[in-house]
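So the chains spell out like this:
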Amino acid sequence: MINWQNASFETSCGAPSQLFASDLPEIAFSGKSNVGKSSLINKLLNRKALAKTGAEPGKTRTVNFFNIDSQLRFVDLPGYGYAKVSKEIKDKWMRLMDAFWSSERDTRLVIQLIDLRNGPSADDIMMLDFLNHYGYEYVVAATKADKLSKSQRAENAEKLRALKQLEGKTVIEFSTREDAGKTALLELITERVK
Ligand SMILES: Nc1nc2c(ncn2[C@@H]2O[C@H](COP(=O)(O)OP(=O)(O)O)[C@@H](O)[C@H]2O)c(=O)[nH]1
Ligand SMILES: [Mg+2]
């Protein structure tokens, strides 16, 4: 049994040299800036502000590690796709991500977040291609589902599920205001960490 209440922030890494080898199973949360990664982590763990939310898009440029009951780690990855950041910052992000994905890690599952309102961006598609190419086990959390009408929500979810990159993949509609997505994700995570 995992005690989800027993979660704490461990460390932030802003440079490749700060990344440490993983000695626990990891669940990585990936997505563009502002898609709701930190909010989703807080929702899963029943916490208001364990992961910092609503920071100016593109501001969270570190890899943030959370220890869950000494059994696994949640990894809040820095968001991509923020148009207004300089090339220097984008290059820095790329080097950090390269270092993360090429390091020896026990990544059990990637939760790839995609905003259900707009559908996948070009960067999201690149990320899906990357995950598919390297054979990562992943699921999509389609976020901010509460911001859509019932019919728009169903239509957007259907479109997302029909994406050729997502063939055979699980897409979970998620909202911080609902418990269904949270329950589904926690089940998947538990299954992968066993
Ligand atoms: N209505 C609604 N707003 C959300 C949801 N998830 C995140 N947000 C809001 O979206 C903004 C960005 O969320 P954040 O978690 O910081 O995104 P991150 O940059 O991906 O970590 C914040 O203002 C959140 O309150 C959701 O499910 N529903
Ligand atoms: Mg964040």
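Heads up: these notes are all about the structure in this document. (Residues numbered from 1 in each chain as written. Chains lettered and ligands numbered in written order. Predicted model: local features only at pLDDT ≥ 70, side-chain atom pairs only at ≥ 80, totals over all residues. Heavy atoms only, no water.)

1. Quick word on the site of ligand 1
Next, step 1: By nearness alone, 16 residues border ligand 1, and Asn-34, Lys-37, Ser-39, Gly-54 and Asp-146 come closest of all.
Next, step 2: At 2.8 Å from an oxygen atom of ligand 1 is found a main-chain nitrogen or oxygen belonging to Asn-34.
Next, step 3: The side chain of Ser-39 places a nitrogen or oxygen atom 2.6 Å from an oxygen atom of ligand 1.
Next, step 4: Within the complex, 81% of the 580 Å² of free accessible area of ligand 1 lies under protein.
Next, step 5: Its residues assigned to classes, the shell around ligand 1 comprises one nonpolar, nine polar and six charged. (Near = heavy atom within 4 Å. Polar contact = N/O pair within 3.5 Å; in protein donor to acceptor, adjacent residues only side chain to side chain. Areas by Shrake-Rupley, 256 points an atom, 1.4 Å probe, with all protein chains shown as cover. Nonpolar A, V, L, I, M, F, W, Y, C, P; charged D, E, K, R; others polar.)

2. Focus on the nonpolar core
A general feature of soluble globular proteins is that nonpolar side chains tend to end up buried together.
Next, step 1: Of all hydrophobic cores here, the largest spans 28 residues; its most connected members are Val-63, Leu-77, Phe-100, Trp-101, Val-140 and Leu-160.
Next, step 2: At the level of secondary structure, the elements contributing two or more residues to this core comprise strand 3 (63-68), helix 2 (87-102), strand 5 (107-115), helix 3 (122-133), strand 6 (138-143) and helix 4 (150-161).
Next, step 3: Broken down by element, this core gets its largest block of residues, four residues, from helix 2.
Next, step 4: Those residues in contact with Val-63 that sit more than four places away from it in its chain are Thr-11, Ser-12, Cys-13, Leu-19, Val-75, Asp-76, Leu-77, Pro-78, Leu-96, Met-97 and Phe-100.
Next, step 5: Formed by 27 residues, the second largest nonpolar core is a distinct cluster that contains Ala-51, Ile-68, Val-139 and Ile-189. (Core = buried A, V, L, I, M, F, W, Y, C linked by side-chain atoms within 4.5 Å. Buried < 20%, exposed > 50% of the residue type's maximum accessible area, 1.4 Å probe, protein only. Helix = DSSP H or I, 4+ residues; strand = E, 2+ residues; numbered from the N terminus. Contact = heavy atoms within 4.5 Å.)

3. Here's the deal with the pattern of salt bridges
Next, step 1: A complete count under the given rule lists 13 salt bridges for this structure.
Next, step 2: Where Lys-87 meets Asp-91, a salt bridge forms, and the shortest distance between an N and an O atom there is 2.8 Å. One end of the pair is Lys-87 and the other is Asp-91, both in helix 2 and four residues apart, which spans about a single turn.
Next, step 3: In this structure Asp-91 comes out as partly exposed when scored by relative accessible area, which is 30%.
Next, step 4: In this structure, Glu-137 engages Arg-192 in a salt bridge whose closest nitrogen and oxygen atoms are separated by 3.9 Å. Note that Glu-137 is positioned in the loop between helix 3 and strand 6 and Arg-192 in helix 5 (residues 180-193), a separation of 55 residues in sequence.
Next, step 5: A relative accessible area of 43% places Glu-137 in the partly exposed class.
Next, step 6: Residue classification places Arg-192 among the partly exposed residues on the basis of a relative accessible area of 31%.
Next, step 7: Through salt bridges with shared partners, a single ionic network connects Arg-153, Arg-161, Glu-173 and Glu-178. (Salt bridge = Lys/Arg side-chain N within 4 Å of Asp/Glu carboxyl O.)

4. Some details on the sheet that holds strand 6
Next, step 1: Strand order in the open sheet made by the seven strands is 1-3-4-2-5-6-7, with mixed pairing throughout. The outermost strands of the open sheet, each flanked by one partner alone, are strand 1 (7-13) and strand 7 (171-173). Averaged over all adjacent pairs, the angle separating strand axes in this sheet is 25°, with direction ignored.
Next, step 2: Its contacts with the sheet put helix 2 on strand 1, strand 2 (26-30), strand 3, strand 4 (72-76) and strand 5, and the angle it makes with strand 3 is roughly 35°. (Pairing = 2+ DSSP bridges. Axes fitted to C-alpha atoms, helices over the stretch in contact; angles between N-to-C directions.)

Everything listed here is a matter of geometry and, on its own, says nothing about what the molecule does.
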